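Here is how the chains run, residue by residue.
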Amino acid sequence: MKLTNIAQLIGAKGKSIPDIEINWLLTDSRSLSFPAESLFFAIHTARNNGHNYIQELYRQNLRYFVVSEMHPEFEKMTDAVFLQVTDTLQALQRLAAAHRSAFKVPVIGITGSNGKTVVKEWLYQLLHTDYVITRSPRSYNSQIGVPLSVWAMNENTQLGIFEAGISEMNEMIHLQPIIQPTIGVFTNLGEAHQENFVGLKQKCEEKLQLFVQSEVLIYCSDNKLVEISVAQSDFRGKLFSWGKSDKAIVQILNVEKTSQNTKVQFKYVGSESTVIIPFTDDASIENALQCVTIMLYLGMKPIDIAKRILILEAVAMRLEVKEGVRDCLIINDSYNSDLNSLSIALDFLNQQATAKNLSKTLILSDILQSGQTADQLYKTVSELVKNKNIQRIIGIGSDISKHADTFESIDKTFFEHTEDFLKSTILRELKNEIILLKGSRKYHFEDISEKLELVTHETILEVNLNALVDNLNYFRAKLRPETKMMCMVKAFAYGSGAVEVARTLQHHRVDYLAVAVADEGADLRNEGIRIPIVVMNPEKGSFGMIFDNKLEPEIYSFRLLDSFIAAAEKLGLTDYPIHIKIDSGMHRLGFEPQDMDQLLARLKRQNQVKVRSVFSHLSGSDEAKFDAFTKQQIATFTTCADQFSATFSHHIMRHILNSAGIERFPEYQFDMVRLGIGHYGISSLPEANLKQVCALKTVILQIKTVKAGETVGYSRKGIVEADKRIAVIPIGYADGFDRKLGNGVGEVLINGKRTKVIGNVCMDLVMIDVTNIEANEGDVVEIFGDNLTISEVSGWLKTIPYEVLTSVSRRVKRIYFQE
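Residues numbered from 1 in each chain as written. Predicted model: local features only at pLDDT ≥ 70, side-chain atom pairs only at ≥ 80, totals over all residues. Heavy atoms only, no water.

S.K.: An account of the overall build of the chain is needed here, citing residue identities and associated values.
M.R.: Within the chain, the secondary structure is distributed over 27 helices and 38 strands. Looking at the chain as a whole, 55% of its 819 residues are labelled buried. Look at the contacts in the chain between residues 6 or more apart in sequence, and 65% of them connect residues 24 or more apart. Distance between charge centroids for the chain: 1 Å, based on 90 positive and 99 negative side chains. (Helix = DSSP H or I, 4+ residues; strand = E, 2+ residues; numbered from the N terminus. Buried < 20%, exposed > 50% of the residue type's maximum accessible area, 1.4 Å probe, protein only. Contact = heavy atoms within 4.5 Å. Lys, Arg positive; Asp, Glu negative; His and termini not counted. Charge placed at Lys NZ, Arg CZ, Asp CG, Glu CD.)

Spelled out as structure tokens, the structure:
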């Protein structure tokens, strides 16, 4: 769309607007790929302000911006075009709605509490041979994600499939005009995002606003609350329900599960048919039946539907980083294969590679059903690859191979088939690279993944990087824009893995990181972490490492100060940054108030070090009963900090708030705050609704029947009073599963059901009682995570969540993912 037309559609004010074509809309400054064809919307949210990144984008040759604020520095960007509006998010949504209105094609709009992304992706699997489909990339279903998704519609689109998610009232009214679904799909109603609604019915009614102008609404009528809400809504189109009731358009007659699949018999327009769903869990069965009903509405024959449903494949809901052979990292994203999802995956690849200092390799198959000519498609792909600084591309497929010459100035190899690549020497030559696998399903890139990934222990700690960032932004929203943030990544980032966490935090522009000892900081530097790092417990023997890696020490005593100054003087260093710790009442490390005169005098008569910040630590900010003492600490600290400000001419930052302090005492945020356990979903406020970042999981190795009167485990502590089914799982106290959780104290979660530990915890194994729950060998076992929280586990142990997290041993494989 022409920029002049965009300006008119969004009601923007601007000078000298050129008549150039805009093909890419941008809301994240880190995702820039085509600056000459991109328009950046500087969106101001509760947690961030896009206007702060315009200078950075300008330096990357982007010139077109939609803004609601004009900052002084914009005046120097004389060749930039600023389209000024009152609200940039509304402008983005208005533009996407106008773009959608230009297409007279069927559009499926999907909402519900769960299953939106799976239904969307399964519909693509089932229908992509019949239509050129434009769909939401990944889970782009928010107020920002939906307009970006719909913008991808073009003259070749024959069917749109978009999902819409909401978390509070009056959000769907903004998404409906953007999607304008002709076919509405309501997946289900559950507790997800319930916190901002007075009840399930209110949430259901809000979600149904998506379908006010749809021709048809497809839903399961078994949920009576949904049925009532639909009946009471203003919906005037056709109702096309499925369910067990004989009043449903598609009546489910029988559901029969086996160990491998599920057979479903249904009746439609008087005829009975059967489909075999290649899944057995209830959520997948429900999602598959949504797809069956949609295909029936589209006029497909039951016999053809049955053939397609039989070959449904699981949807990978996230981008995972896994260790590979020969020091490679592997990102497997065979989940989407189109330009939008390729751009998103390449951004993630860059985020990982930049910090890790690895070369970047893309293994890419033919992109099917793009709607573009092959020449257009691979020209765009080659430009995208070039702009993302990919060093090597391995193309698999006939179309991409024919366009090998399009990829210039890059190490490139092409194969007609996946099997040819697997047989080649190229596969065995991959080393010290970060590799993105991006393949259409027919190319079976899982075979490549299997060859490249390291075989790992079956007990894993999953680390959700999206949740980490969401929690970071929760705390950021409580700060003034100018307040800096220091993030604690000591103790292996509280057990979650310091490098990946630090890499993510650096990518999301935190100001400082903090570690306990110099070795931790040196490790981060070796992995490409560039932002300032504070060492909280520097040791005299580590000063050389601190200097070599440009780490910044906490100084808490005269002895340490004198030693560090002497070390800096010996190397001829001046103005080396240090951070002064004040003991304001915790009585751990730090200078005391009565030390201030002597301390300031010592600092004034040298020039080897320069105080960058002065700080203290609150001892009880998480508990209301200590609030008076907390304020006393803050007052003591302020008095000391004022003395520093009065003594030195340069600005010295102040910080005292930890995670709980940010939540409960934001008025004392000073120049910087320190975020620690809050990253990982632990809050001092019960209503905070932070996300769980870490999930410790394992699998059932074996299930056996133990007769009454027998015992289980060491010291015969697990006494079996009646016949029981006992499962053995490969985790023990060497992995961080505390011995105090044995003998019925601890619980684990299997298939949504809790069950207790029986007998003593062993070094490498734990036994659990699965007598009264559905459990099979190979089933996943949650030790802690979304459903069984770290706080609950720490409660059983009569300890704190910090200890539970940091106790997970290094031999437990960390799996990092981004949804």
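S.K.: Pulling in residues and values, what's your account of the pairing of strand β26 (residues 609-616)?
M.R.: Of all eight residues in β26, six are buried, a share of seventy percent or more. With seven bridges joining them, strand β25 (residues 576-582) and β26 adopt parallel strand pairing. Considered in β26, the bridge of P577 is made with K610. Since β25 and β26 lie parallel, the crossover through helix α23 (residues 596-604) that links them has a hand, and here it is right-handed. (Pairing = 2+ DSSP bridges. Right-handed = clockwise from strand over helix to strand, strands pointing away.)

S.K.: Report on the environment of Q632, specifying residues and quantitative values.
M.R.: Examined against the element boundaries, Q632 turns out to sit in helix α24 (residues 627-647). Between the C-alpha atom of Q632 and that of S584, which follows or precedes it by 48 residues, the distance is 8.3 Å.

S.K.: Tell me about the side chain of T293, and name the residues and values.
M.R.: Structurally, the position occupied by T293 is in helix α9 (residues 282-297). Once you skip the residues sitting within four places of it in the chain, T293 turns out to touch I218, F240, W242 and V250.

S.K.: Could you give me a rundown of the pattern of salt bridges, with the residues and numbers involved?
M.R.: Taken as a whole and judged by the stated rule, the model has 34 salt bridges. A salt bridge links K322 to E453; the shortest N-O distance between them is 3.8 Å. Here K322, found in strand β14 (residues 319-323), pairs with E453, found in the loop between α16 (446-452) and β20 (460-464); they are 131 residues apart in sequence, far enough to count as distant. Classification of K322 by relative accessible area gives partly exposed; the value is 25%. Within this structure, K120, E121, R135 and E163 form a network of salt bridges that share partners. (Salt bridge = Lys/Arg side-chain N within 4 Å of Asp/Glu carboxyl O.)

S.K.: Tell me what's going on with the sheet that holds strand β2 (residues 38-41), and back it up with residues and numbers.
M.R.: Pairing within the open sheet is parallel, and its four strands lie in the order β1-β2-β3-β4. Two strands in the sheet have a free side with no partner beyond their single neighbour: β1 (24-26) and β4 (81-84). Averaged over all pairs of adjacent strands, the angle between their axes in this sheet comes to 25°, without regard to strand direction. Strands in contact with helix α3 (residues 88-101) are β1, β2 and β3 (64-67); relative to β2, the strand with the most contacts, it is inclined by about 140°. (Axes fitted to C-alpha atoms, helices over the stretch in contact; angles between N-to-C directions.)

S.K.: Just give me the short version of the nonpolar core, but keep the residues and values in it.
M.R.: Residues V381, L513, I580, F644 and F784 are the most contacted members of the largest nonpolar core, which totals 143 residues. Every residue in contact with L513, bar those within four places of it in the chain, is listed here: M486, C487, V489, A502, L505, L524, I529, I531, P532, I533 and V534. Formed by 41 residues, the second largest nonpolar core is a distinct cluster that contains I110, I218, A288 and M295. (Core = buried A, V, L, I, M, F, W, Y, C linked by side-chain atoms within 4.5 Å.)

S.K.: Please provide a residue-by-residue account of the environment of G270, values included.
M.R.: If you trace the backbone, G270 turns up in the loop between β12 (262-268) and β13 (271-277). Sequence separation between G270 and V250 is 20 residues, and the spatial gap between their C-alpha atoms is 9.6 Å.

S.K.: Give me the lowdown on the sheet that holds β25, citing residues and values where you can.
M.R.: Read across the open sheet, the eight strands follow the order β27-β26-β25-β24-β23-β22-β21-β28; overall the sheet is parallel. The strands lining the two open edges of the sheet, one partner per strand, are β27 (653-655) and β28 (672-675). Taking the axes of each pair of neighbouring strands and ignoring which way they run, one obtains an average angle of 30° across the sheet. Here strand β21 (residues 484-488) runs beside strand β22 (residues 512-515); their pairing, made up of three bridges, is parallel. Across the sheet, the residue bridging to M488 is A514, located in β22.

S.K.: Help me get a handle on the packing of aromatic side chains, residues and values and all.
M.R.: Applying the stated criterion to the full structure yields 19 aromatic pairs. With a centroid separation of 4.9 Å and 85° between ring planes, the pair formed by Y474 and F475 is classed as edge-to-face. Judged on exposure class, the residue Y474 and its partner F475 are both buried. Aromatic ring contacts, followed pair by pair, group F40, F65, F74 and F82 into a single cluster. For the cation-ring pair, R63 lies above Y58, with the distance from its terminal atom to the ring centre recorded as 3.8 Å. Stacked on the ring of Y124, the Lys or Arg R135 has its end atom at 3.6 Å from the ring centre. (Phe/Tyr/Trp six-rings, centres within 6.5 Å; stacked < 30°, edge-to-face > 60°. Lys NZ or Arg CZ within 6 Å of the ring centre and 35° of its normal.)

S.K.: Pulling in residues and values, what's your account of helix α19 (residues 498-507)?
M.R.: Burial within α19 is extensive, with eight of its 10 residues counted as buried. Every buried residue of α19 is listed here: A498, E500, V501, A502, R503, T504, L505 and Q506. Within two residues after α19, R509 carries a phi angle of roughly 60°, on the positive side.

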